[in-house]
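Working through the structure, step by step
As a plain string of letters, each chain reads:
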Amino acid sequence: MFLRFEQVSLHFSGVAALSAVDLEIPQGGIFAIIGPNGAGKTTLLNCVSRFYTPQEGRITFLGRDLLAARPYDLASLGIARSFQNVAPFGRMTVEENMLVGLHHTIHSSALSQVLRLPGARAAERQARAQARDVMEQLGILEHSQRYADELPYGVQKRLDVGRALVSRPKLLLLDEPAAGMNEQETAELGEWILGLPAITGVTIVMVEHDMSLVMGISQRVAVLDFGRLIAVGAPQEVASDPAVVEAYLGKED
Amino acid sequence: MTNAARPRALAATVALAALVLPWVVARLGPAASYMLNLSVIFAIVAIALNLLTGFSGQISLGHAGFLMLGEYASALLTLKAGFPFWAALPASALLVGAIGFLVGLPAVRLSGNFLAVATMGFGLAVPEVMLNWAGLTHGSAGLMPKSPTIGGFSFGSDVAYYYLALFCLALVWYICATLLRSRTGRALQAVRDSEPAALASGINAAYHKALAFAISAAFAGVAGALYAHYVNFVSPNDFSIQDSFLFLAMIVVGGLGSLPGSLLGAVLLTVVSQLSTSLGQFSIILTGSVMLLAVLFFPGGLISLARRRRPTPRVPAPLAQRSAAGGS
Ligand SMILES: Nc1ncnc2c1ncn2[C@@H]1O[C@H](COP(=O)(O)OP(=O)(O)O)[C@@H](O)[C@H]1O
Ligand SMILES: [Mg+2]
């Protein structure tokens, strides 16, 4: 299995953010995790990213025990992510943001960089070329020398996903990529995300609380409510599942 | 990006001015020459501190401590271990850098106010240790390191020492500028802007924070060694917590996260604090006022005056275009 959660539980001083979550995510395509606010979606991603360690359970990626990894090991394992609220590195240029995404692919020591040894310079040149290609694909090349926090929100969001994608990860975790966008922008973003697996071969796990975005673009959907997995299946099955309807309606008031 | 020649012409002008400056200043008397040399030495400290605070996002209220460690390291290495100054200078940098790394390790877990207090504690402890470890340091009697010599030439004069300090400043500047454009420098800035996103990009945040402390401390150590062999006297009273605040004021006034800003702030505040030493306690008030005014009127530091205004953000390209571009 590509990414597997086995009986994953995590409590925050009494609050059960995740309760015995069992979930298998296959390789390829887009897998969505939905649920009302506070359902535990971000917490689940944070367990994969190793910002949180569940009190119980196992998480494996391609058979490898992820709970034994440190947060900064994940990039070289092929797992990248974007963040719900965090914009990219604001006081760095767009190009520098992309190069940060390539950090783990550049193998040179601080000393060799300062001394500008040939090996370090070659690695830097190669990274810049790669960053340039991806900026071009994302349509942000014209902004490459601008500071990230000067850019409009939509461009920042694309940059953040680009920063995560630039090193060609196997798994991309997106946490509410459409947050703060209007309906049209959301639809366009969805279309763009939909194209990514075919172009890059990446598997996307996308967290969303807005059902409408994920329905059209994901192959499978898992639903979390109060830390419990209440449904997994094709989007249409899940949308008509009584437990899911109940979870979403229960939150409306 | 149309005229890349302009910054280069500016840099050349500044470099030329820096080379003739000591001869001009010397006409104003020895006090002015002293102030100039002190400005150059403190500019090294300001760059070191800006690397840590402005570029890596970690505050230090203890940089006077690293400066003093550099003084003692170089004085002791030359006086007691028989090192020539030219070997003692890099050795002091390595030694103080190693201490900086150790100070940085626990600091990695702290942030904001806690880091400020922890580094302040370090800054307060160093003079105490130097005072009480009299067997090595001669306590308040101090040490008397000699002026550096090369062949038969002595760097005993203000003008000669100026060029030595300027060379070190240029070297430290070059190393920082190169580092900041490299993978490691980007990692430092990424950790400053968002630690979670940096971690998720494969950056070992704790290591890079400690590394920033080490490099910053090493450069402060260089400045300390330069100071020691300039004034030819080292004592536990040389630098205090007040100087740590002065260094912080330099980078805030000059511009956080800016190398030219570090230089501007260092020169301005060295001159202000030196001119006002005769005013006793009022010196602090004057320095504080300069800092307050600068922060009020130029929140980005004095350097923000020199920066060209960047074009205002344009309307983003339609997302439809993006998905088409993504298909290539
Ligand atoms: N670091 C934390 N400390 C305490 N409680 C937390 C923490 N992170 C999340 N929680 C709680 O866990 C629950 C799930 O939160 P989260 O995963 O952010 O939800 P979602 O992303 O689905 O909106 C919420 O009740 C939230 O308050
Ligand atoms: Mg969330």
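All of these numbers come straight from a predicted model, not from anything done at the bench. (Residues numbered from 1 in each chain as written. Chains lettered and ligands numbered in written order. Predicted model: local features only at pLDDT ≥ 70, side-chain atom pairs only at ≥ 80, totals over all residues. Heavy atoms only, no water.)

Considering a nonpolar patch on the surface
Rules: Here a patch means residues that are over 30% exposed by relative accessible area and free of salt bridges, tied together within 9 Å if like-charged and within 5 Å if nonpolar (Val, Leu, Ile, Met, Phe, Trp, Tyr). Where accessible areas are quoted, they stem from the Shrake-Rupley method and a 1.4 Å probe; at the residue level, only the protein chains shown are allowed to cover. Salt-bridge detection follows one rule: a side-chain nitrogen of Lys or Arg within 4 Å of a carboxyl oxygen of Asp or Glu. By definition, any uninterrupted DSSP run of H or I lasting at least four residues is a helix, any uninterrupted run of E lasting at least two residues is a strand, and each is numbered from the N terminus.
Residues L16, L19, V20 and V24 of chain B make up a contiguous nonpolar surface patch of roughly 370 Å² in combined accessible area. Position of V20 of chain B among the secondary structure elements: in helix α1 (residues 5–26).

Considerations on the pattern of salt bridges
The condition that has to hold: Note on classification: 1.4 Å probe, protein chains only; a residue is buried when its accessible area is under 20% of the maximum for its type, exposed when over 50%, partly exposed between these limits.
Counting across every chain of the model gives 12 salt bridges over all chains. As a salt-bridge pair, R70 of chain A and D73 of chain A come within 3.1 Å of each other at their nearest N and O atoms. Of the residues examined, R70 of chain A reaches a relative accessible area of 45% and is grouped as partly exposed. Residue classification places D73 of chain A among the buried positions, given a relative accessible area of 19%. For D193 of chain B, the salt bridge identified is with R91 of chain A, shortest N-O distance 3.6 Å. One end of the pair, D193 of chain B, is in helix α8 (residues 183–193); the other, R91 of chain A, is in the loop between β6 (79–81) and α3 (94–101), on a second chain. Judged by relative accessible area, R91 of chain A falls into the partly exposed class, the value being 46%. In this structure, a network of salt bridges that share partners links the residues E95, E124 and R128 of chain A together with R186 of chain B.

Topic: the sheet that holds strand β9 (residues 220–225) of chain A
Residue and element names in this part refer to chain A. Threshold: Should DSSP find at least two bridges between two strands, the strands are regarded as paired. Geometry is summarised by axes, namely lines fitted to C-alpha atoms with helices restricted to the contacting stretch, and by angles between N-to-C directions that run from 0 to 180 degrees. When checking whether two residues touch, look at their non-hydrogen atoms; a contact exists if any pair is within 4.5 Å.
As summarised here, the arrangement of the 6 strands in space is β6-β7-β8-β3-β9-β10, forming an open sheet in which the pairing is mixed. Both edges of this open sheet fall to β6 and β10 (228–233), since each of them pairs with a single strand only. Across the sheet, the mean angle separating the axes of adjacent strands is 20° when strand polarity is ignored. As paired elements, β9 and β10 share 5 bridges and run antiparallel to each other. In the strand pairing of β10, L224 is matched with L229. Sheet strands touched by helix α6 (residues 153–165): β6 and β7 (171–175). Its angle to β7, the strand with the most contacts, is close to 155°.

Considering the interface of chain A and chain B
Our working rule: When two components associate, each loses some accessible surface as probed by a 1.4 Å sphere; the sum of these losses over both components is called the buried area. Amino acids outside the nonpolar list (Ala, Val, Leu, Ile, Met, Phe, Trp, Tyr, Cys, Pro) and the charged list (Asp, Glu, Lys, Arg) are all regarded as polar, and Gly is one of them.
At the junction of the two partners, chain A supplies 44 residues and chain B supplies 40 residues. Both faces considered, chain A and chain B share a buried interface measuring about 3,900 Å² in area, 60% of it formed by carbon and sulfur atoms. On the chain A side of the interface with chain B, the three residues burying the most area are Y72, H103 and V114 of chain A, jointly 17% of the side's total. At the boundary of chain A and chain B, one finds 2 salt bridges. Mapped by element, the contributors of at least two residues to the side of chain A that touches chain B are β6, α3, α4 (110–114), α5 (118–138), α6 and α7 (183–200) of chain A. Class assignment for the residues of the side of chain A that touches chain B results in 21 nonpolar, 8 polar and 15 charged.

A closer look at the sheet that holds strand β2 (residues 15–25) of chain A
Each strand in a sheet pairs with its neighbour through backbone hydrogen bonds, running either in the same direction (parallel) or in the opposite one (antiparallel). Residue and element names in this part refer to chain A. With respect to topology, 4 strands assemble into an open sheet ordered β2-β1-β4-β5, the strand pairing being antiparallel. Single-partner strands in this sheet number two, and they are β2 and β5 (64–65). Note that strand β1 (residues 3–12) and strand β4 (residues 56–61) share 5 bridges and pair antiparallel. Following the sheet pairing, E6 is matched in β4 by R58.

Concerning the pairing of β9 of chain A
All names here are of chain A. Burial of β9 is extensive: 5 of the 6 residues sit out of reach of the surface. Relative to β9, strand β3 (residues 30–34) runs parallel, the two sharing 4 bridges. Each bridged residue has a counterpart across the sheet, and for A32 the counterpart in β9 is V221. Linking two consecutive strands that pair antiparallel, namely β9 and β10, is a turn of 2 residues; a positive phi of about 45° is found at F226 within it.

A few points about the layout of surface pockets
Where empty space is left can be seen by rolling a probe of water-molecule size over the atoms. Residues and elements named next belong to chain B. Short version of the rule: A 1.4 Å probe that fits but cannot get out identifies a cavity on a 1 Å grid over protein atoms alone, an open set with protein on both sides within 12 Å along at least five of seven lines counts as a pocket, and a residue lines either if it has an atom within 4 Å of a point. Grid points are joined across faces, edges and corners, and a volume is the space filled by probe spheres set on the points.
Put simply, the second largest pocket is a space of about 690 Å³. Every residue lining the second largest pocket is counted, 27 residues in all, and those nearest its centre are A93, L94, I175, A218 and F219. Considering every element that reaches the lining of the second largest pocket, the biggest residue donor is helix α4 (residues 85–107), with 8 residues. Residues of the lining of the second largest pocket, tallied by class, amount to 25 nonpolar, 2 polar and no charged.

Remarks on empty space enclosed by the protein
In the structure shown here, the tally under the stated rule is 4 cavities of 30 Å³ or more. Each pocket or cavity is described by its volume, and for the largest cavity that value is around 110 Å³. Forming the walls of the largest cavity are 11 residues, and the residues nearest its centre are V134, Q137, L138, L165 and T200 of chain A. A total of 4 residues in the lining of the largest cavity trace back to one element, the largest contributor, which is α7 of chain A. Of the residues assigned to the lining of the largest cavity, the class counts are 7 nonpolar, 3 polar and 1 charged. The calculated volume of the second largest cavity comes to roughly 60 Å³. Lining the second largest cavity are A75, G78, I79, A80, G101, H104, R163, A164, S167 and P169 of chain A together with A200 and S201 of chain B.

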